[in-house]
Amino acid sequence: MSSTLFNFKIIDSHTGGEPTRMVCDGFPTLVGDTIQDKLQYFKQNFDHLRQSIILEPRGNDVLVGALLVPATNPQATAGVIFFNNTGYLGMCGHGTIGVIISLAHQQKITAGEHWLETPVGLVKTTLHDDGSCSVQNVPSYRYKKQVAVQVPELGLIRGDIAWGGNWFFLVSEHGQNIQANNVTALTQACVQIKQALVAANITGENGGEIDHIELFADSTEEHMDSKNFVLCPGSAYDRSPCGTGTSAKLACLAADNNLAPEQLWQQQGVVGSSFTGSYQYATSSQLDQTLAYPEHTIIPTICGHAYVCAETVLIVQEADPFKWGIPSS
């Protein structure tokens, strides 16, 4: 019988259809004084464990992992490092909601405010009595408006570059049909846009890779303000309306004076689930004073529901030829 190398205790949840796999026990200790240090140690020493947890045969390309680590900031309930099939995420909105609901499932937290420490900063969450969760995201802003890029087969595409915890290219005029039965064509279009951005050396601030492409359209439902399709790193699409993507959208709306502070924005995802978003303009106390932020930097809040769907242990055996996962094509 093959010996066991790792037993990872996990809780799986989904937020608006988008899955989160929270790893709460069994992972080696990450060395570092800050959560950024721990992330680097994770990357350098345990990337094979990321693959084992996320990739087939134990996972799939849609999963987002959330590794719980001890918080280095005393204000935080826990630290969390998000990762997916191709690497690591600075922040994940749907994943944060999934983590909070999973911690509540474990009876580690109750309704009220809880802070999570992420590699891109502290994130304030509120678990509401009705089971929904609000996430006050990191400072978000539009970096550049209506940047043009020539995309083979699609022509000239214009989009906003915005930060919502990840870098996004947000496109409204794209000629695509945003429907759940059209995800193959939508994925292909977004991959082409992303490749064109790379070829044209179009990046976020300080050369940050634009690793999320977000397409928008009007929703057919009256109570929804917008419908979106978001392609994540690794070419898996977001089943939810995307928390960091909705944050980036709010930043663009604020920059154009198309949405007032505290006004609610109903963002629908491609499978029909929705997030409620709103924002406040960031104050100096909410910003890292060592960094320069645009004038219309906002603090977005995203509210949605998550549901626990599994609590189990992932087993990694030494003789398993796929113990480190099957690499994505």
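Just so we're clear, the structure is a prediction, and the values are computed from it rather than from any experiment. Every residue gets a number counted from 1 within its own chain, in the order that chain's sequence is written. Owing to the predicted nature of the model, reporting of local features is limited to residues with pLDDT of at least 70; listing and counting of side-chain atom pairs is limited to 80 or more, with chain, interface and lining totals taken over all residues. Where side-chain values are given, they derive from all heavy atoms of the structure, hydrogens and water being excluded.

Describing the state of the cysteines
Here comes step 1: What counts as a disulfide here is a pair of cysteine sulfur atoms lying within 2.5 Å. One pass over the full model with this rule turns up zero disulfides.
Here comes step 2: No disulfide involves cysteine 133; its sulfur sits 7.2 Å from that of cysteine 303, the nearest cysteine.
Here comes step 3: Free of any disulfide, cysteine 309 has its nearest neighbouring cysteine sulfur in cysteine 24, separated by 14 Å.
Here comes step 4: The classification of residues rests on relative accessible area computed with a 1.4 Å probe and restricted to protein chains. Under 20% of the type maximum is buried, over 50% is exposed, and intermediate values are partly exposed. Using a relative accessible area of 53% as the deciding quantity, one classes cysteine 309 as exposed.

A word on the packing of aromatic side chains
Here comes step 1: Aromatic contacts are taken between Phe, Tyr and Trp rings whose centres are within 6.5 Å, Trp giving its six-membered ring; a plane angle under 30 degrees counts as stacked, one over 60 as edge-to-face, and the others as tilted. Here the structure, examined in full by the defined rule, presents 14 aromatic pairs.
Here comes step 2: Plain terms: the ring middles of phenylalanine 8 and phenylalanine 27 are 5.9 Å apart, the flat faces sit at 35° to each other, and that makes the pair tilted. Here the residue phenylalanine 8 occupies a position in strand β1 (residues 4-15), and phenylalanine 27 occupies one in the loop between β2 (18-25) and α1 (35-45), the gap between them amounting to 19 residues.
Here comes step 3: Residue class for phenylalanine 8 comes out buried when judged on its relative accessible area of 0%.
Here comes step 4: Among the aromatic side chains, those forming a connected cluster through ring pairs are Phe6, Phe8, Phe27, Tyr41, Phe42, Phe46, Phe83, Tyr88 and Trp324.
Here comes step 5: Our definition puts a charge over a ring when NZ of Lys or CZ of Arg is within 6 Å of the ring centre and also within 35 degrees of the ring normal. Above the face of the tyrosine 237 ring, arginine 239 is positioned so that its terminal group lies 3.8 Å from the ring centre.
Here comes step 6: The ring centre of phenylalanine 216 lies 4.2 Å from the NZ or CZ of lysine 249, which sits over that ring. A run of DSSP states H or I qualifies as a helix once it reaches four residues; a run of E qualifies as a strand once it reaches two. Both are numbered from the N-terminal end.

Here we look at the environment of arginine 58
Here comes step 1: On the secondary structure map, arginine 58 appears in the loop between α2 (47-54) and β3 (64-69).
Here comes step 2: For arginine 58, a relative accessible area of 14% puts it in the buried group.
Here comes step 3: Put simply, arginine 58 and arginine 158 are 100 residues apart on the chain and 39 Å apart in space, counted from C-alpha to C-alpha.
Here comes step 4: Looking at arginine 58, its side chain comes within polar contact range of the side chain of aspartate 320, at 2.7 Å. What qualifies as a polar contact is a pair of N or O atoms within 3.5 Å, subject to a donor-acceptor requirement within protein and to the restriction that residues adjacent in sequence count only when both atoms come from side chains.

Keep in mind that these numbers describe shape and distance, not what the molecule does.
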